Amino acid sequence: MERYYWFVFCQDELLLEADNALPYGSDSPVPLEPWHTMHRLPLLEGVPCRAVRIDAPVVTGGFRMVGLRQSYGVLSPAAYAMAGKAREILYWDANTKFCGVCGAPMRLHTDISKRCTSCGKEVWPALAPAVIVAIQRADKLLLVQSRNFKTDYMGLVAGFVETGESLEECVRREVLEETGLTVANIRYFGSQTWPYPSGLMVGFMADYAGGELKLQRAELRKGGWYDAAHLPRIPERLSIARRLIDAWLATQPQTGVNT
Ligand SMILES: [Zn+2]
């Protein structure tokens, strides 16, 4: 009988064994109800995976629930990536129960598509692309604190891409809106899936071009220019924000101590 790694979520909390191992076996680690849809995921370390969403957390039977972000610290990078994919699929599933055109029930058509049972409309998991940008001016980097941040660290200017907008246009618009600055020499850095709940973060480096720093208070709590020797608390290693900051730090002659 085929065995699977099970990605069982309640909201954004993942079910793990007490020793942080992923549940593994032919059957779901928790009883499933008829309304629980089992989703097929690609292979992880050669093992097929399944994702399912349950209605209430499970903390008995040797299991524990771990937030998806916290799972980064306990799962392998590949397992964390698969957990993110599972969470995105489950979020998509929960938000596309009915057809947006005619209102009839939607049914899984392939592993990553659904089809309306009445009009045939097809839907796929939607991604929300966002840009994030490290802006440098001489030996300083612009760090800001979004009002969305739950802890007291400083990050980078970021924002969702709007319809009809290129990534570069989005970088220029977000930087101007949030800081009053203009930037030049926008360079692609890298990207990262961001399953909170369905983002794709696209990272850029840019150079300060002009303007006075004037924070958009509705979005940002604080912000300023920092050199490598005087960095505040910066984002955790999970995020592309940290990779961008680390990449900038590597170009600075005096590197601050950050763990
Ligand atoms: Zn329909």
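Residues numbered from 1 in each chain as written. Predicted model: local features only at pLDDT ≥ 70, side-chain atom pairs only at ≥ 80, totals over all residues. Heavy atoms only, no water.

### Considering the sheet that holds strand S7 (residues 106-110)
Now for step 1: With respect to topology, three strands assemble into an open sheet ordered S7-S8-S9, the strand pairing being antiparallel. Edge positions in the sheet fall to S7 and strand S9 (122-123), since each has one partner strand and no second.
Now for step 2: The sheet contact formed by strand S8 (residues 113-116) and S9 spans two bridges and is antiparallel. Along S9, the bridge assignment pairs Arg-115 with Glu-122. (Pairing = 2+ DSSP bridges. Helix = DSSP H or I, 4+ residues; strand = E, 2+ residues; numbered from the N terminus.)

### Comments concerning the coordination of the zinc ion
Ideal coordination angles are 109.5 degrees for a metal with four donors arranged tetrahedrally and 90 or 180 degrees for a metal with six donors arranged octahedrally.
Now for step 1: The coordination sphere of the zinc ion contains the protein donors Cys-99 (SG), Cys-102 (SG), Cys-116 (SG) and Cys-119 (SG), at a distance range of 2.3 to 2.4 Å.
Now for step 2: Each of the four donor atoms bound to the zinc ion contributes to angles spanning 99 to 117°, and the resulting shape is tetrahedral.
Now for step 3: The sequence motif formed by the donor residues of the zinc ion is C-x2-C-x13-C-x2-C.
Now for step 4: By relative accessible area, which is 6% here, Cys-99 ends up buried. (Donors = N, O, S within 2.8 Å, 3.2 Å for Na, K, Ca; no water. Tetrahedral: all angles 85-135°; square planar, octahedral: opposite > 155°, others 65-115°. Buried < 20%, exposed > 50% of the residue type's maximum accessible area, 1.4 Å probe, protein only.)

### Notes on the environment of Pro-125
Now for step 1: Along the chain, Pro-125 turns up in the loop between S9 and strand S10 (128-137).
Now for step 2: Among all residues touching Pro-125, those that are not within four sequence positions of it are Ile-89, Trp-92 and Ile-112. (Contact = heavy atoms within 4.5 Å.)

### A short note on the pairing of strand S14 (residues 199-210)
Every other side chain in a regular strand lies on the same face of the sheet, so the side chains alternate between the two faces.
Now for step 1: By the criterion of burial, S14 is predominantly enclosed, with nine of the twelve residues buried.
Now for step 2: Where S10 meets S14, nine bridges bridge the pair, whose relative direction is parallel. Note that in S14 the partner of Ala-128 across the bridge is Gly-199.
Now for step 3: Sheet topology places strand S13 (residues 182-194) next to S14; ten bridges connect them, and they run antiparallel. Counterpart to Ser-191 in the pairing with S14 is Val-202.

### Details of helix H2 (residues 77-94)
Now for step 1: With 18 residues, H2 should reach 26 Å at 1.5 Å per residue; the first-to-last C-alpha distance of 26 Å fits that figure.
Now for step 2: The set of residues buried in H2 consists of Ala-79, Tyr-80, Met-82, Ala-83, Gly-84, Ala-86, Arg-87, Glu-88, Ile-89, Leu-90, Trp-92 and Asp-93. (Expected span 1.5 Å × (residues − 1).)

### Structural notes on the domain arrangement of the protein chain
Now for step 1: We note that the domain assignment places domain 1 (4-94), domain 2 (96-125) and domain 3 (128-250) within the protein chain.
Now for step 2: Here the C-alpha centre of domain 3 lies 31 Å away from the C-alpha centre of domain 1.
Now for step 3: With eight residues of domain 1 in contact, the opposing surface of domain 3 contributes ten residues.
Now for step 4: When the two sides are added together, the surface that domain 1 and domain 3 hide from each other amounts to roughly 850 Å², 60% of it contributed by carbon and sulfur.
Now for step 5: Among the residues of domain 1 in contact with domain 3, Arg-69, Tyr-72 and Glu-88 are the three that bury the most area, contributing 60% of the side total.
Now for step 6: Counting across the domain 1 and domain 3 interface gives one salt bridge. (Domains from an automatic or database assignment. Buried area = accessible area lost by both parts, 1.4 Å probe. Salt bridge = Lys/Arg side-chain N within 4 Å of Asp/Glu carboxyl O.)

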